[in-house]
Amino acid sequence: MQTLVTDLLVTLAYGVVGVVLMAVGYALVDVATPGKLHELIWAQRNRNAALLLASNLAGVGVIVVAAIAASADDFVLGIVGAAAYGILGLVIMAAAFLLLDVATPGKLGEILVDPQPHPAVWVSAVVHLATGAIIAAAIS
């Protein structure tokens, strides 16, 4: 029974770290794009904004999963690693977004929240996912 309780508490801790990192990711995407994400996605049903946010959250999730898997049953190393790699991943995702913005015509943030579907959102989404995968591979 003690093992079950311990495992549940460890799982809770990892879950909290993952949710906090996703909240930070949400905030970064919100800052990088014009308008408010909650309004764009839930009220205006903007598919571009939803795909951009979803790819960011998935990228963060991949990083956290890799950090947990690489922790080799060392809780302290795992929780610190998940937080540290998650923050690093968000920083690298933000840098990749800015680099993509420089490399493309117009303001990428404005393009990505346009109400009409735009292929640039797919490119940006893949950048988020690929960044998460690269960091996850580096953790292993």
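Quantities reported herein were computed from a predicted structural model and do not represent experimental measurements.

Asker: Before we go on, may I ask you to explain the packing of helix H3 (residues 47-70) against helix H6 (residues 119-139) in this structure?
Answerer: Where H3 meets H6, the closest approach of the two axes is 8 Å, and the angle between their N-to-C directions is 5°. In this view, H3 runs roughly parallel relative to H6, as classed from their interaxial angle. From H3, Asn-48, Leu-51, Leu-52, Ser-55, Asn-56, Ala-58, Gly-59, Val-62, Ile-63, Ala-66, Ala-67 and Ala-70 reach across to H6, where they touch Val-121, Trp-122, Ser-124, Ala-125, His-128, Leu-129, Gly-132, Ala-133, Ile-135, Ala-136 and Ile-139. Considered class by class, the residues forming the contact of H3 with H6 number 16 nonpolar, seven polar and no charged.

Asker: Help me understand the UniProt feature "transmembrane region" (unreviewed entry) in the chain in this model?
Answerer: The sites that carry the UniProt feature "transmembrane region" (unreviewed entry) are, in the present numbering, residues 12-29, 50-69, 75-100 and 120-139. Annotated as 100% helix and 0% strand, the span residues 50-69 places its first and last C-alpha atoms 28 Å apart. Helix and strand shares over residues 120-139 are 100% and 0% respectively, and the end C-alpha atoms of the span are 29 Å apart.

Asker: Help me out: how do you make sense of the packing of aromatic side chains in this one?
Answerer: How two aromatic rings sit relative to each other is given by the distance of their centres and the angle of their planes. A full pass over the atoms with the stated rule returns one aromatic pair. Here the aromatic rings of Tyr-14 and Phe-75 are separated by 5.9 Å at their centres, their planes lie at 75°, and the arrangement is edge-to-face. Of the two residues, Tyr-14 is situated in helix H1 (residues 2-32) and Phe-75 in helix H4 (residues 75-103); the sequence distance between them amounts to 61 residues. When its relative accessible area of 10% is taken as the criterion, Tyr-14 is described as buried. Phe-75 sits in the partly exposed class, given a relative accessible area of 36%.

Asker: I would appreciate a short explanation of the pattern of salt bridges in the present structure.
Answerer: Opposite charge on two side chains permits them to pair, given that their charged atoms come into close proximity. By the definition in use, this model includes two salt bridges. Lys-36 serves as the salt-bridge partner of Asp-30, at 3.8 Å between the closest nitrogen and oxygen. Residue classification places Lys-36 among the partly exposed positions, given a relative accessible area of 49%. A salt bridge links Asp-101 to Lys-107; the shortest N-O distance between them is 3.2 Å.

Parameters at a glance
Residues numbered from 1 in each chain as written. Predicted model: local features only at pLDDT ≥ 70, side-chain atom pairs only at ≥ 80, totals over all residues. Heavy atoms only, no water. Axes fitted to C-alpha atoms, helices over the stretch in contact; angles between N-to-C directions. Helix = DSSP H or I, 4+ residues; strand = E, 2+ residues; numbered from the N terminus. Parallel < 35°, antiparallel > 145°, perpendicular 65-115°, else oblique. Contact = heavy atoms within 4.5 Å. Nonpolar A, V, L, I, M, F, W, Y, C, P; charged D, E, K, R; others polar. UniProt positions renumbered as here; feature names shortened; annotations may be inferred. Phe/Tyr/Trp six-rings, centres within 6.5 Å; stacked < 30°, edge-to-face > 60°. Buried < 20%, exposed > 50% of the residue type's maximum accessible area, 1.4 Å probe, protein only. Salt bridge = Lys/Arg side-chain N within 4 Å of Asp/Glu carboxyl O.

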